[in-house]
Amino acid sequence: MAALERHDLPAPTDSAQLLLADLDSVTKQEMWSTFVASKTRRTLAVLVSWLGADAPLLESDIRALVDNRPLQFSGRQVTQFLETRGLLIPDPEFRRDAQQKRLEAELAALSATIAQELSVWIKAVRGEGKWKHAGRSYQSIARYWHVLDPVLKKWLADGLESLREITQDDIKRAIATRKGTPARSIHIVLRNVFRALRQEGVIFRDPTRGALDVQDVTYPALCEPPVSLVGTYGQEVREVVGKAVRGWEADPEWS
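Treat the numbers as computed from the prediction; the structure is a model and nothing was measured. (Residues numbered from 1 in each chain as written. Predicted model: local features only at pLDDT ≥ 70, side-chain atom pairs only at ≥ 80, totals over all residues. Heavy atoms only, no water.)

Before going further, it helps to examine helix α10 (residues 180-199). Taking 1.5 Å per residue as the helical rise, α10 with its 20 residues ought to reach 28 Å, and the 29 Å between its terminal C-alpha atoms agrees with that figure. Among the 20 residues in α10, 15 count as buried, and that is most of the element. Remark: glycine 201 follows α10 within two positions and exhibits a positive phi of approximately 80°. (Helix = DSSP H or I, 4+ residues; strand = E, 2+ residues; numbered from the N terminus. Expected span 1.5 Å × (residues − 1). Buried < 20%, exposed > 50% of the residue type's maximum accessible area, 1.4 Å probe, protein only.)

Under the counting rule described, the total for this entry stands at three aromatic pairs. Among the aromatic residues, those joined into a cluster by ring pairs are Trp121, Tyr144 and Trp145. (Phe/Tyr/Trp six-rings, centres within 6.5 Å; stacked < 30°, edge-to-face > 60°.)

On to the nonpolar core, then. With 36 residues, the main nonpolar core has Leu118, Trp121, Trp155 and Phe194 as its most contacted residues. It is helix α8 (residues 138-157) that provides the largest number of residues to this core, a total of nine residues. Formed by 22 residues, the second largest nonpolar core is a distinct cluster that contains Leu20, Ala45, Ala53 and Leu57. (Core = buried A, V, L, I, M, F, W, Y, C linked by side-chain atoms within 4.5 Å.)

Moving on, we come to unusual backbone geometry. Even without a glycine there, the phi angle at methionine 31 is positive, about 55°. Mapped onto the fold, methionine 31 is located in the loop between α1 (14-29) and α2 (34-51).

When you line up the elements, aspartate 14 lands in helix α1. Classification of aspartate 14 as exposed rests on a relative accessible area of 61%. Expressed as a C-alpha distance, the spacing of aspartate 14 and aspartate 54, which sit 40 residues apart in the sequence, is 9.6 Å.

Written as structure tokens, this is what we have:
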């Protein structure tokens, strides 16, 4: 399709001409630049001249055309234009989240057992487990993974075959590899993973429960009360701040 010249195009059908006229109207109303408007119209003209406009077009066909001649054709505006009119069949593979693809690649590199267990975790965090809820985005889960990955690699190097083998001591040792906010982040991520696995029936005991004593973590300086207040009110201020710190979360999105 992409190799055809304009003079090779079949005459557009009535429905194709109406669709092109609709596009022209949109580009004028929304004041598209001449370059974008002409490139978008050229793309749509090729598509509807050969494929017609009476049935939805495949997003994969649009991509094939544009990928062959990216300087001549433009797919984004055409795709949006057709989709708003119910004339597009989306390409699920192309639309998969980039972070989703990354996570799938990470899982594929693991043993079948651990990959399956972490798939259950991801599904639960996405809100697709036993408890249906508004889930996290793949971008959020990728941030979890960034914290989980070095811990997981250490466990795998030690011979881990299943997350069911993890004990509270393993959790404590993982947290102890960092201090301050990074240590807290490890605890929050591991807690999220094992709570989800317990919720989904993969494990029966949450090894993160009681694994973190707030005294074990050195919190950032911003959690320390101002020197002037401490000098005036002494231990009373420290106790109030200490109670606040015990309820502190590094990021609400980690909970």
